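A closer look at the structure
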Amino acid sequence: MALDPKATTPTRIKRVSPAELMIVWGDGHESHYPAPVLRRECPCAACRDEMTGARILLPMHVPDDLEFRRTELVGQYALQFEWTDGHHTGIFSFEFLRELSP
């Protein structure tokens, strides 16, 4: 089932600390994302099998003290991160980010 467009449209994106990102969504929900959690969920082809979606990156290989080095907007639909481990190829759609939010 698709989410309400307001639920996947950010109204505010802020790096709260080097290791935490906050997004406020159009429906008022506020999400907080620790850098290691997002890195472990990276959807890129190096981290997930392109055909099955199965995880290739093992969570234990992502350090708990990982931080964001850079955060960039991709069009009007996603964010791309560079982490302090050098990884930078994953594109996180707003819909995917909202699905990751508890």
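Cut-offs used in this document
Residues numbered from 1 in each chain as written. Predicted model: local features only at pLDDT ≥ 70, side-chain atom pairs only at ≥ 80, totals over all residues. Heavy atoms only, no water. Pairing = 2+ DSSP bridges. Helix = DSSP H or I, 4+ residues; strand = E, 2+ residues; numbered from the N terminus. Salt bridge = Lys/Arg side-chain N within 4 Å of Asp/Glu carboxyl O. Buried < 20%, exposed > 50% of the residue type's maximum accessible area, 1.4 Å probe, protein only. Axes fitted to C-alpha atoms, helices over the stretch in contact; angles between N-to-C directions. Core = buried A, V, L, I, M, F, W, Y, C linked by side-chain atoms within 4.5 Å. Contact = heavy atoms within 4.5 Å.

1. Some points on the pairing of strand E1 (residues 10-17)
Relative to strand E2 (residues 20-25), E1 runs antiparallel, the two sharing six bridges. Of the residues in E2, the one forming a bridge with Lys14 is Met22. Hairpin connection from E1 to E2: two residues lie between these consecutive antiparallel strands.

2. A look at the pattern of salt bridges
Inspection of the entire model under this criterion finds eight salt bridges. Measuring nitrogen to oxygen at the nearest pair gives 3.1 Å for the salt bridge that ties Arg98 to Asp27. Of this pair, Arg98 sits in helix H2 (residues 94-100) while Asp27 sits in the loop between E2 and strand E3 (30-34), placing them 71 residues apart in sequence. For Arg98, a relative accessible area of 14% gives the class buried.

3. Let's talk about the sheet that holds strand E6 (residues 91-93)
Strands sit in the order E4-E5-E6 across an open sheet of three strands; the sheet is antiparallel. Only two strands of the sheet have a single partner each, and these edge strands are strand E4 (68-74) and E6. Each strand axis lies, on average, 30° off the axis of its neighbour in the sheet, ignoring direction. Bridge count between E4 and strand E5 (residues 78-83): six bridges; the pairing is antiparallel. Across the sheet, the residue bridging to Val74 is Ala78, located in E5.

4. Re the nonpolar core
Membership of the largest hydrophobic core comes to 19 residues, with the highest contact counts inside it found for Leu38, Phe81, Trp83 and Leu97. Beyond its immediate stretch of four places on either side in the chain, Leu97 contacts Ile23, Trp25, Tyr33, Leu38, Leu79 and Phe92.

5. Details of the pairing of E3
Burial along E3 is one-sided: Ser31 and Tyr33 are buried, while Glu30, His32 and Pro34, pointing the other way, are not. Here five bridges tie E2 to E3, and the two strands are oriented antiparallel to one another. When the bridges of E3 are listed, Leu21 appears paired with Tyr33. Connecting E2 to the antiparallel partner E3 that follows it, the hairpin turn spans four residues, and Gly28 within it adopts a positive phi of roughly 95°.

6. A word on the sheet that holds E2
Across the sheet, three strands lie side by side as E1-E2-E3; this open sheet has antiparallel pairing. Here the strands that pair on one side only, and so sit at the sheet edges, are E1 and E3. Mean inter-strand twist for the sheet, computed between neighbouring axes without regard to direction, equals 20°.

All we've got here are geometric facts, nothing functional implied.
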